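Report on the structure
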Amino acid sequence: MKLTNNIDNNSILDSLLNFVSAKDQFAIMLDGPWGSGKTYFLKNKVIPQLQIKHKVVYFSVYGYENLSELKIDLINNLFISSIGLDLENNATKENIKDAKRIAKGLFSVFGNKLSVFKPLANAASEFTIRKQLQEQSKKKVSVLVIDDLERINNSIKISDFLGFLLTNIIESYGYRVIIVGNSKEIISNEPERFNKIYEKTISRIIPFSYDIKSVKRDFFEKSEINYLKNDSIWLVNILAEYVQNNKDQFNLRTLQFILETFDIIDQSLDKYLGNCHNEGKKVDSIKRSAFLNLFVIANEYREGRLVRGDLYQLGNILNTRDFHFIHLNENEEKSKAEQITLRYHHDKTLSENIIYTNEINNVVFNGVFDAQKFVENWSELFSTESNTSNLSKLSYFREMNDVQLKELQETLLEEFCDSGETSGNILSLINNFVFFEENGIYLADKPYLKILLDLLAKAVNKEVILQDGELFDESLIAFLYTAIARNKKVMEHVKHIVKSVNDKKSKNIAQKLLHSIFSKDYETQRKILIKGFKINIFREIINSKFLYEDLLVKGSKAPMLNQYLNSEYIGILNIKDFHKNETLDLEKFINDVEAFLKYSAEIDKIDQFNLKNLLKTLQDINNKLSD
């Protein structure tokens, strides 16, 4: 969809109506990029108007493998329409089947048995069709709409198809033909032949773009979602602002996806908010934030700029009101989070109303929305916010004098020491202060690094271990905090903090996993494994008490470990992707088991049997990792 305010779709409608009423012996083309809303406009605006006075056949050329098959189906549809049957009407499906039998010559079943009659049967079929279509042309002008021309199969030459339309449809039966497509793609595929036949077949090409007024009317004001209708002016202005700052392009199919997805969000919010809130303005504000978050993420996804694997790069704009990044070098590589803010946050209104949450990411990629979590995040960020946070104010440092910048830097250090900030905000402040120091504009009296690194250690420990969170993704640091990544000394400090906490967390998780294996606590196993923690089980066993208390001992619990290994190693096809760095620990574990079996005489025969089975499994795993 190309949203502009200077193209009136009413004039396009008038042009098409005038073409049909005139005696133009050519086709006319409605031209626009994929997703610009051409088909929607035709089906909802043009065709209903034409049907008042004319028979109209809509036909998409998409999906046909050869020109012969396409011609047969097109003629079928024209014939069916000419005898008064509605192709879209379920009540006439059986009659349409009968008509198709005539059109295809299938009524001549006897011709299949007696081949001498076959040419006669086909000739009779063609005669019936020609006579019917010629009789129709004498009574009234009929219209044929050809859609998806640029999506026609590569084996079909567009020039040949246009020639068929001119000779067999327009000249023979007097149809007014409206062609819908994208001329740029068509010409790029078949430039020379298309240009020659185009001059003979198409009288004019009308550029199409869905104007902003039509979007407001057709997609918001006519929506069954009350919020979209009531807030249509504000929402369309946001859309127009994006278009103005991004080469004047927006895909109408993407808008339809956004509105369909917002229906899930709206219903979930109504169900939750209906029980929890009675404040109308607050509800609308929550829905505004949800729509804006959806608008950004869904558009990025549909345009191919954001895939599921990129979501981790959005870390430092999730659940925050701080959307700022500091750069001197504009060519510096930018994370997905920063690219999004540069693309969408030209509009101050959007920045003031949007929040980014995993709940919206989840509904875009998985079709599921957690209204309660979204509202809780929204309330935490908006209910206490009276003005722009001091962290956000750092992005306006160029507009400050030295005294103002120094005061802001010192205020932030005091605030962060007192408020128990998140690790994300602490990293953002370190990133900003490193940037300022590199450029000689860190003006506060206190040295910031030790203070903030101590705060970071406490925050990461709290988020990862005390609150039983996920491991901190070290790869995020380089993506999200470019000034830190450039400064090797600071980066080493930050990585050391993160690695220490992650190692501690991993050790705790590994111990819980081992305990769950040897105690048959399958529920704990499931909870650990479903979170995707990468645990080198062989190293953990070798370095744990379980080796000599549960495995290499009389009454060995080897079958329990064997069951786990068969499930999590043998049963996985892409075992190398998950366990490729475990080979050395695995081989040491194999040696320990072999030595125990060779030299221990105190265990029962059933223990030997169980340990030998375990050894076989370990060797199978080793072979898979070595292949």
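Residues numbered from 1 in each chain as written. Predicted model: local features only at pLDDT ≥ 70, side-chain atom pairs only at ≥ 80, totals over all residues. Heavy atoms only, no water.

**Points about the overall build of the chain**
To be explicit about the condition: Here a strand is any run of E in DSSP of at least two residues, a helix any run of H or I of at least four, and the numbering for each starts at the N terminus. Classification of residues uses two cut-offs on accessible area relative to the type maximum, computed with a 1.4 Å probe and protein chains only: under 20% is buried, over 50% is exposed, and between them is partly exposed. Residues count as neighbours in contact if any of their non-hydrogen atoms are within 4.5 Å of one another. Areas reported here follow the Shrake-Rupley algorithm with a probe of radius 1.4 Å; residue values treat only the protein chains shown as occluding.
Within the chain one finds 32 helices and five strands. Going through the 627 residues of the chain one by one, you find that 48% of them count as buried. Residue pairs at least 24 apart in sequence account for 76% of intrachain contacts in the chain once pairs closer than 6 positions are excluded. A total of about 32,500 Å² of accessible surface is found on the chain, and carbon and sulfur atoms cover 48% of it.

**A short note on the packing of helix H10 (residues 212–221) against helix H12 (residues 232–245)**
When two helices pack together, their arrangement is given by the angle between their axes and by how far apart the axes lie. Quick reminder of the rule: Every axis in this analysis is a line fitted to C-alpha atoms, fitted for helices over the stretch in contact. Angles between the N-to-C directions lie between 0 and 180 degrees. Relative orientations are named as follows: roughly parallel for angles under 35 degrees, roughly antiparallel for angles over 145 degrees, roughly perpendicular for angles from 65 to 115 degrees, and oblique for any other angle. The hand of a helix crossing depends on one turn: near helix anticlockwise from the far one by less than a right angle means left-handed, and clockwise means right-handed. Each residue receives one of three labels: charged for Asp, Glu, Lys and Arg, nonpolar for Ala, Val, Leu, Ile, Met, Phe, Trp, Tyr, Cys and Pro, and polar for the others, Gly being one of them.
At a closest axis distance of 10 Å, the pairing of H10 and H12 adopts a crossing angle of 130 degrees. The orientation of H10 relative to H12 falls into the category oblique. Considering how the two elements wind past one another, H10 and H12 form a crossing that is right-handed. For the pair formed by H10 and H12, the contact residues are Ile212, Val215, Lys216, Phe220 and Glu221 on the first element and Ser232, Ile233, Leu235, Val236, Leu239 and Ala240 on the second. A breakdown of the residues in the contact of H10 with H12 according to their chemical character gives eight nonpolar, one polar and two charged.

**A few points about the sheet that holds strand E1 (residues 27–31)**
Here is the rule we go by: Criterion used throughout: strands pair if DSSP finds at least two bridges between them.
If you trace the five strands from one edge of the open sheet to the other, you get E2-E3-E4-E1-E5, paired in parallel fashion. Every other strand in the sheet has two partners, leaving strand E2 (56–60) and strand E5 (202–207) as the edge strands with one partner each. The sheet shows a mean angle of 20 degrees between the axes of neighbouring strands, taken without regard to direction. As paired strands, strand E3 (residues 143–147) and strand E4 (residues 176–181) are joined by four bridges and run parallel to one another. Across the sheet, the residue bridging to valine 143 is arginine 176, located in E4. Its contacts with the sheet put helix H3 (residues 67–82) on E2 and E3, and the angle it makes with E2 is roughly 160 degrees. Helix H7 (residues 158–173) rests against E1, E3 and E4 of the sheet, and its axis sits at about 160 degrees to E4.

**What to know about the packing of aromatic side chains**
Using the following cut-off: The aromatic pairing rule takes the rings of Phe, Tyr and Trp, using the six-membered ring of Trp, and pairs them if the centres are within 6.5 Å, calling planes under 30 degrees apart stacked, those over 60 edge-to-face and the rest tilted.
On inspection of all chains with the given rule, the structure shows 23 aromatic pairs. Plain terms: the ring middles of phenylalanine 433 and tyrosine 448 are 5.4 Å apart, the flat faces sit at 70 degrees to each other, and that makes the pair edge-to-face. Taken together, the residues span a long stretch of sequence, with phenylalanine 433 in helix H21 (residues 423–438) and tyrosine 448 in helix H22 (residues 448–466) at a distance of 15 residues. Here phenylalanine 433 and tyrosine 448 have matching classes, each one buried. Between the aromatic rings of phenylalanine 538 and phenylalanine 589, the centroid separation amounts to 6.2 Å while the plane-to-plane angle is 40 degrees, which identifies the pairing as tilted.

**A closer look at the environment of leucine 273**
As for its position among the elements, leucine 273 is in helix H13 (residues 252–276). Exposure remark for leucine 273: the relative accessible area of 3% places this residue in the buried category. Filtering out sequence-adjacent residues up to four positions away, leucine 273 remains in contact with Val283, Ile286 and Val375.

**Quick word on the environment of isoleucine 206**
Relative to the helices and strands, isoleucine 206 is located in strand E5. A sequence separation of 175 residues divides isoleucine 206 from aspartate 31, and the C-alpha atoms of the two residues are 5.8 Å apart. Excluding anything up to four places from it in sequence, isoleucine 206 contacts Ile12, Ser15, Leu16, Ile28, Met29, Leu30 and Asp31.

**Focus: the packing of H22 against helix H25 (residues 488–518)**
Their axes nearest at 10 Å, the elements H22 and H25 cross at an angle of 20 degrees. In terms of their interaxial angle, H22 and H25 are classed as roughly parallel. The element H22 and its partner H25 pack so that their crossing is right-handed. Across the interface between the two elements, Leu449, Leu453, Leu456, Ala457, Val460, Asn461, Val464 and Ile465 from H22 touch Val490, His493, Val494, Ile497, Val501, Asn502, Lys504, Lys505 and Asn508 from H25. Residue composition of the contact of H22 with H25, grouped by class: eleven nonpolar, four polar and two charged.

**Notes on the nonpolar core**
Using the following cut-off: Buried Ala, Val, Leu, Ile, Met, Phe, Trp, Tyr and Cys residues form a nonpolar core when they are joined through side-chain atoms within 4.5 Å.
Grouped together as the largest cluster of nonpolar side chains are 58 residues, with contacts concentrated most on Phe220, Leu269 and Phe295. Contributing elements (two or more residues each) for this core: H10, helix H11 (226–230), H12, H13, helix H14 (280–302), helix H15 (336–344), helix H17 (358–366) and helix H18 (371–382). The biggest single contributor to this core is H14, with ten residues. Counting 39 residues, the second-largest nonpolar core is a separate cluster that includes Phe436, Val460, Val490 and Met491.

**What to know about the environment of glycine 63**
Note that glycine 63 resides in the loop between E2 and H3. A residue is classified by how much of its surface remains accessible, and glycine 63, at 60% relative accessible area, is exposed. A sequence separation of 89 residues divides glycine 63 from isoleucine 152, and the C-alpha atoms of the two residues are 7.1 Å apart.

**Quick notes on the confidence of the model for the chain**
As a note on interpretation, predicted positions should not be read in detail where pLDDT is low. Condition: On a range of 0 to 100, pLDDT expresses the predictor's confidence in each residue.
Across the chain, pLDDT averages 81, with 84% of residues at or above 70. Per-element mean pLDDT across the chain ranges from 37 in helix H5 (residues 109–113) up to 94 in H17. Note that residues 106–121 has pLDDT below 50 and, in this model, eleven contacts with residues that lie over four places away or in other chains.

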